[in-house]
Amino acid sequence: MLAEPPPSLRSATTSIPTVKRRRPTGPPAPEGYWRRLLPVLAVLALLTRLPSFRHPLWSPDEGYLAVQARLLASGGTLYTTVVDRKPPLLPWLYEAAFALCGDGSLGPLRLAAVAAQLLTALALASTARRRWGDGAGRAAGVLYLLVSVGLNPEDAQAATFEVFMLPFTAAAVRCADRGHFTRAGLAVAGACLTKQTGGAVLVPVLWLAWHHPRPLRTSLLRTGVGLAAPVLAVALSTGPSRFLFWTVTGSAAYASFTGSELHVLARGLTNTLILAAGCAGLLPPVVRVLRIARTGAGDLWLWLIASAGAVLLGFHFFGHYYLQLIPPLVLLATGALQILPTRRLTSALSTCACACALFLVWGVLAPRPDLAHSERLAAAVEARTTPTERVLVWGIHPETYWLARRAPASRYLTAGLLTNYSGGRDGPQVGEKYGVDGAWPVFRTELADRPPALVVDDSRGKPFAPDRLPTLRRFLAARYERSAVVDGAVFYVRADRPSPGRT
């Protein structure tokens with residue numbers, strides 16, 4: 001049995017807003033609300049992402065996107081000459097940034113990530129202000145930006161899928177809360193076309209449609225039209241069957257729990273604890289209010305639960321997956337703080353600010369051994385090949401291609417797509433038969449038609465090493481000679497390649 005809440009809190013629970021209630025009519029909001037809040041949030045968004053500018057790359061995902069964008073800019077076709085298990089919006093954004101600013105730096109994408117975080121904060125502030133007033137709007141925007149970096153820096157600071165997905169998810173809830181269901185559907189589509197798990201935000205959108213005064217059929221129709229139109233347009237532009245395969249049906253082996261149970265569970269627990277530390281200022285008010293009252297924020301709880309399901313989907317528990325939990329958690333905490341004493345808000349902001357500072361220090365000081373390894377390999381590849389020669393880097397760090405400014409010999413930019421090593425699998429479900437359906441025949445054809453001038457075996461004892469893969473082992477034995485070892489990676493040169501290139 002829960003103890004009876006004290007009178008101050010007991011009386012406060014009667015004023016908790018519900019989804020259907022709106023901010024009571026009263027004096028008009030202060031003039032210039034957004035004019036004053038926007039610069040504060042913009043500066044905070046930039047400050048919290050300053051560490052992202054420290055390194056040329058933060059993660060293999062950024063490297064993959066950079067290589068994709070360069071190939072697309074040179075005439076490649078998504079899902080044909082270069083492939084990935086992701087929707088196309090972010091590769092297209094990278095391609096556009098490279099076209100405008102050059103492909104030698106991710107600086108423009110870092111700025112775009114700052115803008116994405118700012119837009120997310122503004123959408124959350126707008127939703128909180130509508131429900132709980134001006135102060136809540138300011139609190140939600142600031143709290144979001146403070147906790148948005150509360151993960152391993154390579155997950156929080158990288159300009160990858162979740163960062164660009166979150167503005168769409170926050171906008172979807174904001175639009176649905178106002179009854180703008182066509183716009184909400186469009187925002188859900190934007191989230192899905194950035195990363196598939198963005199579709200989780202459809203759950204709170206449907207909840208809000210159900211509770212809206214407008215007839216449910218009308219709300220659902222508008223949401224469906226808004227969602228379906230962009231998805232169908234993108235599917236038609238990329239090829240419906242290819243789009244469906246690379247974004248949905250081709251990931252069955254990847255989304256399997258078998259083969260790495262302890263490894264992925266340990267990763268999940270670690271990243272959960274890291275996020276809890278980053279959100280240390282948000283969790284106490286949410287738990288406190290849960291103990292004393294029903295908040296009535298059913299859509300926000302559904303958003304959080306659906307987002308948690310998206311994190312669990314695929315059983316990989318990478319840190320950047322957890323970013324999807326932050327927007328609904330921020331709104332739940334903001335709502336809870338409205339019925340708690342003012343000192344609770346001060347405490348939440350102070351705790352979040354301290355946690356943010358610690359994560360920013362981590363981002364500035366954290367070493368990047370994987371990046372240093374890729375840079376050494378890239379320098380060696382560049383020294384041993386000409387700009388027109390293709391190379392094959394057999395590993396999980398596609399950024400080597402981008403850093404070396406060399407074109408890959410295959411549409412499959414990592415060994416993960418061909419062996420199912422993706423997600424850090426530790427052996428039992430790794431091999432040729434576990435790769436993407438139909439990938440090995442295509443890969444063999446690519447190697448036969450245009451054999452790479454240089455093959456870099458960067459497996460370094462991992463389960464996808466060539467000696468465990470009959471096709472690749474035979475290919476190397478028949479046509480290549482071992483020439484060097486660089487930072488643990490074995491270099492092979494083509495046996496019929498002119499000797500001046502084999503240094």
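Conventions we followed
- The residue count restarts for each chain, going from 1 along the sequence in the order it is written.
- Where local features are concerned, this predicted model is filtered to residues with pLDDT of at least 70; where side-chain atom pairs are given and counted, the filter is 80 or more; whole-chain, interface and lining totals use all residues.
- Only hydrogens and water are set aside when side-chain values are computed; all heavy atoms of the structure are taken into account.
- Runs of E in the DSSP output that reach at least two residues are strands. Runs of H or I that reach at least four are helices, and both are numbered from the N terminus.
- Think of it in three bands: residues with accessible area under 20% of the maximum for their type are buried, residues over 50% are exposed, and the middle band is partly exposed, with areas taken using a 1.4 Å probe on protein chains only.
- Residue contacts are defined here by distance: any two heavy atoms, one from each residue, within 4.5 Å place the two residues in contact.
- Calculation of accessible area relied on Shrake-Rupley with a 1.4 Å probe; when residues are assessed, cover is drawn exclusively from the protein chains displayed.
- Salt bridges are defined by distance alone: a side-chain nitrogen of Lys or Arg within 4 Å of a carboxyl oxygen of Asp or Glu.
- Note on pairing: DSSP must find at least two bridges between two strands before they are called paired.
- Seen with its strands pointing away from the viewer, a crossover is right-handed if its path from the first strand over the helix to the second goes clockwise.
- The criterion is simple. A nonpolar core is a set of buried Ala, Val, Leu, Ile, Met, Phe, Trp, Tyr and Cys residues joined through side-chain atoms within 4.5 Å.
- One less than the number of residues in a helix, times 1.5 Å, gives the span that helix is expected to have.
- In this description, a line fitted to the C-alpha atoms serves as the axis of each element, helices being fitted only across the stretch in contact, and the angle between N-to-C directions of two axes falls anywhere from 0 to 180 degrees.
- A pair of aromatic rings is counted whenever rings of Phe, Tyr or Trp (Trp by its six-membered ring) have centres within 6.5 Å, and the orientation is called stacked for planes under 30 degrees apart, edge-to-face for over 60 and tilted otherwise.
- For a ring to carry a charge above it, either NZ of a lysine or CZ of an arginine must fall within 6 Å of the ring centroid while also lying within 35 degrees of the normal to the ring plane.
- Relative orientations are named as follows: roughly parallel for angles under 35 degrees, roughly antiparallel for angles over 145 degrees, roughly perpendicular for angles from 65 to 115 degrees, and oblique for any other angle.
- Ten residue types, Ala, Val, Leu, Ile, Met, Phe, Trp, Tyr, Cys and Pro, are classed as nonpolar, four, Asp, Glu, Lys and Arg, as charged, and the remainder, Gly among them, as polar.
- Residues qualify for a patch when their relative accessible area is over 30% and they have no salt bridge, like charges being joined within 9 Å and the nonpolar side chains of Val, Leu, Ile, Met, Phe, Trp and Tyr within 5 Å.
- Whenever a pair of cysteine sulfur atoms sits within 2.5 Å, that pair is classed as a disulfide.

(A) Structural view of the overall build of the protein. For the protein, the helix and strand inventory stands at 22 helices and five strands. Buried residues in the protein amount to 54% of all 503 residues. Counting only contacts in the protein whose residues sit at least 6 apart along the sequence, the fraction spanning at least 24 positions is 76%. For the protein, the computed accessible surface area is about 21100 Å², with 63% contributed by carbon and sulfur atoms.

(B) Examining the pattern of salt bridges more closely. Under the criterion given, the structure shown has 13 salt bridges. For Arg494, the salt bridge identified is with Asp496, shortest N-O distance 2.7 Å. Each of the salt bridges in this network shares a partner with another, and the network as a whole consists of Arg130, Arg131, Asp177 and Asp299.

(C) Structural detail: the pairing of strand 1 (residues 390-394). Burial of strand 1 is extensive: four of the five residues sit out of reach of the surface. Where strand 1 lies against strand 2 (residues 407-408), two bridges are found, and the strand directions are parallel. When the bridges of strand 2 are listed, Arg390 appears paired with Ala407. Taken together, strand 1, helix 19 (residues 399-404) and strand 2 constitute a β-α-β crossover, and its handedness is right-handed. Looking at chain direction, strand 1 and strand 3 (residues 454-457) are connected through four bridges and run parallel. Within strand 3, the residue paired with Leu392 across the bridge is Val455.

(D) A look at the nonpolar core. If you look at the biggest cluster of nonpolar residues, it comprises 139 residues, and the most contacted ones within it are Leu282, Trp394 and Phe491. Here the element with the most residues in this core is helix 5 (residues 107-132); it accounts for 12 residues.

(E) Expanded view of helix 18 (residues 369-384). Its 16 residues give helix 18 an end-to-end C-alpha distance of 23 Å, which sits within 8% of 22 Å, the value for a rise of 1.5 Å per residue. Within helix 18, burial applies to Leu371, His373, Ser374, Leu377, Ala378, Ala380, Val381 and Arg384.

(F) Summary view of the sheet that holds strand 4 (residues 480-486). Pairing in this open sheet of five strands is mixed, and the strands run 2-1-3-5-4 from one edge to the other. Two strands close off the open sheet at either side, each with one partner strand: strand 2 and strand 4. Strand contacts of helix 22 (residues 470-479): strand 1, strand 3, strand 4 and strand 5 (489-494), with the helix running at about 105° to strand 4, the strand carrying the most contacts.

(G) Up close: the packing of aromatic side chains. Under the defined criterion, the tally for this structure stands at 12 aromatic pairs. Plain terms: the ring middles of Trp207 and Trp210 are 5.6 Å apart, the flat faces sit at 80° to each other, and that makes the pair edge-to-face. Linking Trp207 with Trp210, this pair stays in helix 10 (residues 202-211), spanning three residues, or about one helical turn. Judged by relative accessible area, which is 23%, Trp207 ranks as partly exposed. Three or more aromatic residues joined by ring pairs form one cluster here, namely Trp394, Trp440 and Phe443. The ring of Phe161 is capped by Lys86, whose NZ or CZ atom sits 5.1 Å from the centre of that ring. The lysine or arginine in question, Arg384, covers the ring of Phe491, its NZ or CZ lying 5.2 Å from the ring centre.

(H) The environment of Pro213, seen in detail. Structurally, Pro213 can be placed in the loop between helix 10 and helix 11 (216-238). When the C-alpha positions of Pro213 and Gly179 are compared, they lie 8.8 Å apart, and in sequence the two are 34 residues distant.

(I) How the structure looks around the packing of helix 9 (residues 181-194) against helix 10. Contact geometry for helix 9 and helix 10: axes closest at 10 Å, N-to-C directions at 170°. Put simply, helix 9 runs roughly antiparallel to helix 10. Contacts between helix 9 and helix 10 involve Phe181, Ala184 and Val188 from the former and Leu202, Val205, Leu208 and Ala209 from the latter. Of the residues belonging to the contact of helix 9 with helix 10, the class tally is seven nonpolar, no polar and no charged.

(J) A nonpolar patch on the surface, seen in detail. Residues Val43, Leu46, Leu47, Leu50, Phe53 and Leu111 make up a contiguous nonpolar surface patch of roughly 520 Å² in combined accessible area. Per-element tally for the nonpolar patch: the top contributor is helix 2 (residues 33-48), with three residues. Following the sequence through the fold, Val43 ends up in helix 2.

(K) Fine view of unusual backbone geometry. At Tyr79, a position not held by glycine, the phi torsion is positive, near 70°. Relative to the helices and strands, Tyr79 resides in the loop between helix 3 (60-73) and helix 4 (89-101). With relative accessibility at 3%, the residue Tyr79 sits in the buried group. Positive phi outside glycine occurs at Phe317, with the angle close to 60°. Relative to the elements of secondary structure, Phe317 occurs in the loop between helix 15 (298-312) and helix 16 (326-337). Given a relative accessible area of 8%, Phe317 falls into the buried group.

(L) Fine view of the state of the cysteines. Tallied over the full model, the rule gives zero disulfides. With no disulfide of its own, Cys356 lies 8.8 Å from the sulfur of Cys352, the closest cysteine sulfur. Residue Cys356 is classed as buried on the basis of its relative accessible area, which comes to 5%.

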